[in-house]
Amino acid sequence: MIEFHLDGRSGVPPYLQLVQQVRHALRLGMLSPGEQLPTVKDVVASLAINPNTVLKAYRELEHAGLAAGRPGVGTFITSTLSDAPVAAQLPLRR
């Protein structure tokens, strides 16, 4: 499962940082279709941010067709951005 981190000095809005981190994980094959993203409650607790910020990020991912929310269950990855085989990505992960 992905663990989010925020950089308050980056100038990038927090919701966009979350979206970028999910997209990056998808490109590297660290997230795959069917995997669940952390719940809004868990992200809020770990990052001390407003729940609406997390919801906005998850809606953005849904709008891009990368994730889908299931009421009462959570948000799950539905697509990937990775085109390269996993073996070719091992140097990038290191």
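Above this text is the structure in question.
Everything numeric here is computed off the predicted structure, so don't read it as measured data.

Caption draft 1: Up close: the packing of aromatic side chains. Using the criterion set out here, one finds zero aromatic pairs in the structure. Looking at Lys56, its charged tip hangs above the ring of Tyr15, at a distance of 4.2 Å from the centre. Here the guanidinium or amino end of Arg70 rests over the ring plane of Phe76, the centre of that ring lying 4.0 Å away.

Caption draft 2: Representation of the packing of helix α2 (residues 40-47) against helix α3 (residues 51-63). Relative orientation of the contacting elements α2 and α3 amounts to 125 degrees, with a least axis distance of 9 Å. The angle between the axes of α2 and α3 places the two elements in the oblique class. Of the two elements, α2 crosses α3, and the hand of that crossing is right-handed. Every residue of α3 that contacts α2 at Val40, Val43 and Val44 is listed here: Pro51, Val54, Leu55 and Tyr58. Tallied by class, the residues present in the contact of α2 with α3 amount to seven nonpolar, no polar and no charged.

Caption draft 3: Focus on the packing of helix α1 (residues 14-27) against α3. One can describe the packing of α1 onto α3 by two numbers: an axis separation of 8 Å at closest approach and a directional angle of 45 degrees. It follows that α1 is oblique to α3 by the angle criterion. In the packing of α1 onto α3, the handedness of the crossing is right-handed. On α3, the residues touching Pro14, Tyr15, Leu18, Val19 and Val22 of α1 are Thr53, Val54, Lys56, Ala57, Glu60 and Leu61. Looking at the contact of α1 with α3, its residues break down into eight nonpolar, one polar and two charged.

Caption draft 4: Region of interest: the pairing of strand β1 (residues 67-70). Taken together, the four bridges between β1 and strand β2 (residues 74-77) define a ladder with antiparallel strand orientation. In the strand pairing of β2, Ala68 is matched with Phe76. Between the end of β1 and the start of β2, which pair antiparallel, lie three residues, with Gly72 showing a positive phi angle near 80 degrees.

Caption draft 5: Unusual backbone geometry, seen in detail. Residues other than glycine seldom take positive phi values, yet Ala48 does so here, at roughly 55 degrees. The exposure class assigned to Ala48 is exposed, which follows from its relative accessible area of 69%.

Caption draft 6: Seen up close, the side chain of Gln17. Mapped onto the secondary structure, Gln17 falls in helix α1. By relative accessible area, Gln17 is classed as buried at 9%. For Gln17, the side chain forms a polar contact with the side chain of Ser10, separated by 3.2 Å. Residues within four places of Gln17 in sequence aside, it is in contact with His5, Leu6, Asp7, Ser10 and Val12.

Caption draft 7: Expanded view of the nonpolar core. Among the nonpolar cores identified, the biggest contains 20 residues, and Phe4, Val22, Leu31, Leu37, Tyr58 and Leu61 are the most heavily contacted of them. Residue assignment for this core shows that the elements contributing at least two residues are α1, α2 and α3. Considering each element in turn, this core owes the most residues, six residues, to α1. Apart from residues lying up to four places away in sequence, Val22 is in contact with Ile2, Phe4, Leu31, Leu37, Leu61 and Ile77.

Calculation criteria
- Residues numbered from 1 in each chain as written.
- Predicted model: local features only at pLDDT ≥ 70, side-chain atom pairs only at ≥ 80, totals over all residues.
- Heavy atoms only, no water.
- Phe/Tyr/Trp six-rings, centres within 6.5 Å; stacked < 30°, edge-to-face > 60°.
- Lys NZ or Arg CZ within 6 Å of the ring centre and 35° of its normal.
- Axes fitted to C-alpha atoms, helices over the stretch in contact; angles between N-to-C directions.
- Helix = DSSP H or I, 4+ residues; strand = E, 2+ residues; numbered from the N terminus.
- Parallel < 35°, antiparallel > 145°, perpendicular 65-115°, else oblique.
- Left-handed = near helix turned anticlockwise from the far one by under 90°.
- Contact = heavy atoms within 4.5 Å.
- Nonpolar A, V, L, I, M, F, W, Y, C, P; charged D, E, K, R; others polar.
- Pairing = 2+ DSSP bridges.
- Buried < 20%, exposed > 50% of the residue type's maximum accessible area, 1.4 Å probe, protein only.
- Polar contact = N/O pair within 3.5 Å; in protein donor to acceptor, adjacent residues only side chain to side chain.
- Core = buried A, V, L, I, M, F, W, Y, C linked by side-chain atoms within 4.5 Å.

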